[in-house]
Amino acid sequence: MSVVGSTWGRLTPPGKALAIALPVLTALSIGLLAVVVLLGPAVVTFLGDNLPLVRFVVAATAVLLLTIPTAFLIIYMEMKVIAFMNLRIGPDRVGPYGSALSVVHGLKVLAKEDFTPTGADRIVFTWAPVVVFLASVMSLLVIPFAPGLFGQDFNIALLYFFAIGGLSVVGLLMAGWASFNKYSLLGGLRSAAQVISYEIPLTLSVVGLIILAGTMSLNRLVLDQSGSILDWFVFRQPLGALIFFIAATAEANRTPFDLTEADSEIVAGFATEYSGMRFGFFFFAEYVNVFIISALTVTLFFGGWNAPFDWPFPVAVSLDPASLGIWLLVLVAVVPVAGTLFFAAPLWVANSRLPAWQALVIGFVLFNLAVVAVGLGLAFVSFDWVVGLAWFFLKTYVFVYTFVWMRGTLPRVRIDQLMNFAWKWLLPASLLNLFVTALAVVILAK
Amino acid sequence: MPTRHEPAAPYEIPAHPSADDPRVTLEEQLGVFEPIPPYPPRTEREAEFYTLRDGEMFINMGPQHPSTHGVLRVVLKLNGEQVVDLDPVLGYLHRGVEKLCENADFHQAICYMDPLEYVSSLFCEWPAVIAFEKLLDVQVPRRAEYIRVLSTELNRVASHALFMGWMALDLGGLTPILYSFIERDEIVEMLAALTGQRMLFNYFRIGGVNGDLNHEFMSRLGDWMSRATEQIEANLTLLNENEIFVRRMRGLGVLDRETALRMAVSGPNLRASGVPFDVRRAHPYSVFPELEFDIPTRQEGDCLARYLLRMDEIRQSLRIIDQCLHEMPDGPVMARVPRLLRARPGRAFAAVEGPRGLYGVHAISDGTDQPFRMRIHDPSFVNLQLVPLLMPGNLVADTMAIMASLDPIMGGIDK
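Residues numbered from 1 in each chain as written. Chains lettered and ligands numbered in written order. Predicted model: local features only at pLDDT ≥ 70, side-chain atom pairs only at ≥ 80, totals over all residues.

Quick look at the overall build of chain B now. Tallying secondary structure elements over chain B gives 17 helices and eight strands in all. For chain B, the C-alpha radius of gyration of 24 Å lies close to 22 Å, the compact-globule estimate for 415 residues. For the C-alpha atoms alone, the extent of chain B along its principal axes is close to 80 × 55 × 40 Å. Evaluated residue by residue, chain B yields a buried proportion of 44% over its 415 residues. (Helix = DSSP H or I, 4+ residues; strand = E, 2+ residues; numbered from the N terminus. Rg over C-alpha atoms; globule rule 2.2 N^0.38 Å. Buried ≥ 20, exposed ≤ 12 C-beta atoms within 10 Å, placed from the backbone.)

Here it is, written out as structure tokens:
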């Protein structure tokens, strides 16, 4: 028995694993270091030469990450707003005013069993939520959030948007068919019929707008609306905006057009058999869709990131740190301490049971928050894109609120009424809108 | 859809398999997919129903479904979204109430009547109590009769208010159910102050009621009555003027006068078809001859008429409550009744007008202290027979609306 053999024999199982893993990890690290040293400059040059590619990857990641807080916020908003409309309290257990409830919901959904029913088509069943979710995330790529802040600026962005938006119905149909459940099947077929019917008035309602603007790039459309509030397209295309909003509601399967998941009729529609994170993806996609159609309504008809009025107090922050001289040192040394004490002292005085160190910690946190708030305020008045982003989200959430409001107020329409409304009312109205717009453009051009 | 699965590999089931043998239960679970009964069809109707033509499929609505009222299972035969045929399957809530009553004495039998209609319990106690009083020749004090009318009319308002919310919920509206629960909760709380229970009151006794009106009940009632009309009208404007709601209900599930009479329908469903039949007027009982109220009727016979008629009934109930409060006489609330009751041999039938129709009890006594036989006539059961008449030809979404407009309560149907 060699020395190596006896040592190996005395090791515990984790020790054995570590003994194997350590050399491998060391070798890998050295290899990685070598690769970075040798290929690093080449990679940097490559990335520098292919900036659009880098931009796309960064944008896609950012958009993917944006969906999480968006969905959480809208879910919380829906729970709370509908609760107030129902004269309930709504979520109030987790976090302040229950605001962490959607996060906890997310964790719960992750921890749940991922169940596939017997008889389901496993592959299609697994991929359906992915298709639905990706379709909504990909639509986010073209939305201009602020001046210069967008994923990609196509000249056919609007067309891309409708094409990708229509893709989600494939996912719903997949889910409905693969679940091996008749309620799911009904839900999937309903969504197919509904989404395809409402695609037509949805698309036709913006054609008038495209004629007016002469472009399909969302960025250009927003730039066209800059100026005063009267330049927004909603004042030039009121009928188009109305049709767009109604058709978009149906497109996102929201009340009163939520036949796809009508819980009093077909249980949960296409999502009946889904559980765990697969259901979570459907849920996410639904709320991201709400955000997207609100964002698109704002972009197309309500001025995008343009402010409805000019900021009345022009604040020019022109402070040169160098001019302060020695006072800069005093500022840096004294202000944090003084600020912390300023916030901590009243707490310590008011609460006799609070130890001094805790009061100081709280005071420090409050001071930092105050600095961040002041900084954000300065940024708001100093940077274009921050102002644009703020206005964009403000307007978008007004529309999100409208959707939530409709959910709390309206009953559901029937499938034949839904179809009649699409084909007999919305389609002729959107054609009329298109005709009148085209006529006006021709007459005014002469 | 795929058909029944074959077992993946042949295996031996032991001669006497245990009930929790996983292999055995797996096979049973796979069989659940088929709504077709495992036995050969017993009747012609069953054979016809369980034969699928091209493009048709079965779907099980219930017993666990978000919007069947209670545990009712309806096997729907669908062609696309259209209901071709359907078969209600009852019995999931069967408790054998009639048999239980035969093994209880007359006092105990009353408390078995409460869970029949868990939304309006007092109406189920009433016919039983009247029937027993007839058998025992008991005279009820007038104050007790007034209290009975007062409490039952309150219960009717609670039931109809809840109906409004259910109706909207089955059509997809989330909010009205919570608004109508406010009304119901106020009434239920004041009845709890009167009877001691929120849901299954067990308040009526043979010869009177369990307790006189107390201060808490009266103060709650006065509080509520001062704003009831206003509040209910305000709730109604939420729904009655909603275009989607009205368009979905109008012309849906039309029940004509002849069919309604032929099917022995009673209550608001009958009056919505134009027949002004109300037990309170047709076969007066208690103090109803002295009270002033109208019997609202509507001619259309559709879901909207049934809904609006119930809302009219709420207004009439408020009128009756008002009169009861004004004309309530003084006196005892309980007749002098011996503790051990021995009824004369014979039979008695009593019927009252409940929020769902005619509640009847036919009690037979053989001279002992227990009813020899009790037959309970429940209006929900009779009204549920309309479902196969009204639903075929409509869409899946409408089955819920029609079911809600008939307002069945499964506790009474399965007994």
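Next comes the rest of the write-up.
On to the overall build of chain A. Helix and strand counts for chain A come out as 17 helices and zero strands. The globule rule puts the C-alpha radius of gyration for 446 residues at 22 Å, and the 28 Å found for chain A is more than 25% above it. Considering only C-alpha atoms, chain A reaches an extent of 85 × 75 × 60 Å along its principal axes. Residues counted as buried form 37% of the 446 residues belonging to chain A.

Facing 28 residues of chain B, the contacting portion of chain A comprises 28 residues. Among the secondary structure elements, those contributing two or more residues to the side of chain B that touches chain A are strand E1 (56-61), helix H6 (142-170), helix H9 (243-249) and helix H16 (396-406) of chain B. Residues that form the side of chain B that touches chain A fall into these classes: 16 nonpolar, seven polar and five charged. (Contact = placed C-beta atoms within 7 Å. Nonpolar A, V, L, I, M, F, W, Y, C, P; charged D, E, K, R; others polar.)

Next up on the list: the environment of Ala-271 of chain A. Residue and element names in this part refer to chain A. Structurally, the position occupied by Ala-271 is in the loop between helix H12 (263-266) and helix H13 (276-301). Judged by the 26 C-beta atoms lying within 10 Å of it, Ala-271 falls in the buried class. Placed 126 residues apart in sequence, Ala-271 and Tyr-397 show a C-alpha to C-alpha distance of 26 Å.

Glancing now at the nonpolar core. Counting residues in hydrophobic clusters, the biggest one holds 196 residues, and the most contacted among them are Val-132, Phe-244, Ala-247 and Tyr-287 of chain A. If you count residues domain by domain, this core takes at least three from each of domain 2 (35-89) and domain 3 (97-377) of chain B. With residues near it in sequence (within four places) discarded, Ala-247 of chain A still touches Tyr-198, Pro-201, Leu-202, Ser-205 and Leu-426 of chain A. (Core = buried A, V, L, I, M, F, W, Y, C linked by C-beta atoms within 7 Å. Domains from an automatic or database assignment.)

What follows is about the packing of helix H3 (residues 51-85) of chain A against helix H4 (residues 101-111) of chain A. Residues and elements named next belong to chain A. Contact geometry for H3 and H4: axes closest at 8 Å, N-to-C directions at 115°. Regarding H3 and H4, the two cross each other, and that crossing is right-handed. Taking contact as the criterion, the partners of Phe-72, Ile-75, Tyr-76 and Met-79 in H3 are, on H4, Leu-101, Ser-102 and Val-103. Class assignment for the residues of the contact of H3 with H4 results in six nonpolar, one polar and no charged. (Axes fitted to C-alpha atoms, helices over the stretch in contact; angles between N-to-C directions. Left-handed = near helix turned anticlockwise from the far one by under 90°.)

The subject of this paragraph is the environment of Gln-152 of chain A. All names here are of chain A. Take Gln-152: it is sitting in the loop between helix H5 (122-140) and helix H6 (157-178). By C-beta crowding, Gln-152 is classed as partly exposed, having 15 other C-beta atoms within 10 Å. The spacing of Gln-152 and Leu-140 is 12 residues in sequence and 9.8 Å in space, taken between C-alpha atoms. Ignoring sequence-local partners within four residues, the contact set of Gln-152 consists of Phe-56, Ala-59, Leu-141 and Val-142.

All names here are of chain B. Taken in spatial order, the three strands of this open sheet run E6-E7-E8, and their pairing is antiparallel. At either margin of the open sheet sits one strand with a lone partner, and together these are strand E6 (346-354) and strand E8 (371-377). Neighbour to neighbour, the strand axes of the sheet diverge by 15° on average, direction disregarded. Taken together, the nine bridges between E6 and strand E7 (residues 357-365) define a ladder with antiparallel strand orientation. (Pairing = 2+ DSSP bridges.)

Turning our attention to the sheet that holds strand E3 (residues 82-89) of chain B. Residues and elements named next belong to chain B. As summarised here, the arrangement of the three strands in space is E1-E2-E3, forming an open sheet in which the pairing is antiparallel. In the strand order of this sheet, the two ends are held by E1 and E3, each with one partner. Neighbour-to-neighbour, the strand axes of the sheet open up by a mean angle of 20°, direction not taken into account.

The next subject is the packing of H6 of chain B against helix H13 (residues 303-327) of chain B. Relative placement of two packed helices is described by the angle separating their axes and the distance separating the axes. Residue and element names in this part refer to chain B. H13 packs onto H6 with a crossing angle of 155° between their chain directions and a minimal axis gap of 9 Å. As judged from the angle between their axes, H6 and H13 are roughly antiparallel. Once H6 is placed against H13, the crossing between them reads as left-handed. Note on element contacts: H13 touches H6 through Tyr-307, Arg-310, Met-311, Glu-313, Ile-314, Ser-317, Leu-318, Ile-320, Ile-321 and Cys-324, opposite Tyr-146, Val-149, Leu-150, Glu-153, Leu-154, Arg-156, Val-157, His-160, Ala-161, Phe-163, Met-164 and Met-167. (Parallel < 35°, antiparallel > 145°, perpendicular 65-115°, else oblique.)

Residue and element names in this part refer to chain B. With 26 residues, helix H8 (residues 215-240) extends 36 Å between its outermost C-alpha atoms, agreeing within 8% with the 38 Å of an ideal straight helix rising 1.5 Å per residue. Within H8 the residues assigned to the buried category are Phe-217, Leu-221, Ala-228, Ile-232, Asn-235 and Leu-239. Buried residues belonging to H8 abut H6, helix H7 (176-195), H9 and H13. (Expected span 1.5 Å × (residues − 1).)

Glancing now at helix H7 (residues 182-205) of chain A. Since one α-helical turn is 3.6 residues long, residues separated by three or four positions face the same way. Residues and elements named next belong to chain A. Relative to the 34 Å expected for 24 residues at 1.5 Å per residue, H7 spans 35 Å between its end C-alpha atoms, a close match to the ideal helical length. Of all the bends in H7, the largest measures some 25° and sits at Glu-199, one to four residues before the proline Pro-201. Burial analysis of H7 places 19 of its 24 residues in the buried class, which makes it a mostly covered element. (Bend = angle between axes of the 7 residues up to and from the residue.)

The next subject is unusual backbone geometry. Residues and elements named next belong to chain B. The phi dihedral of Asp-137 falls on the positive side, at around 55°, and the residue is not glycine. Tracing the backbone through its elements, the reader meets Asp-137 in the loop between helix H5 (121-136) and H6. For Asp-137, a count of 8 C-beta atoms within 10 Å translates into the label exposed. With a phi angle near 50°, Asn-202 is a residue other than glycine that sits in the positive phi range. Here Asn-202 lies in the loop between H7 and strand E4 (204-205).

All names here are of chain B. Bridge analysis of E1 against strand E2 (residues 73-79) gives six bridges, and the strand direction is antiparallel. Residue pairing for E2: Phe-58 is matched across the bridge by Lys-77. Two elements, E2 and E3, share seven bridges in a ladder whose sense is antiparallel. Counterpart to Leu-78 in the pairing with E3 is Val-83. The turn joining E2 and E3, which pair antiparallel and follow one another in sequence, is formed by two residues; a positive phi near 70° is taken by Gly-80.

Okay, the confidence of the model for chain B next. Of the residues in chain B, 91% reach a pLDDT of 70 or more, and the chain-wide mean stands at 85. The low-confidence segment residues 28-33 of chain B, where pLDDT is below 50, has five contacts with residues more than four positions distant or belonging to other chains. (pLDDT = per-residue confidence, 0-100.)

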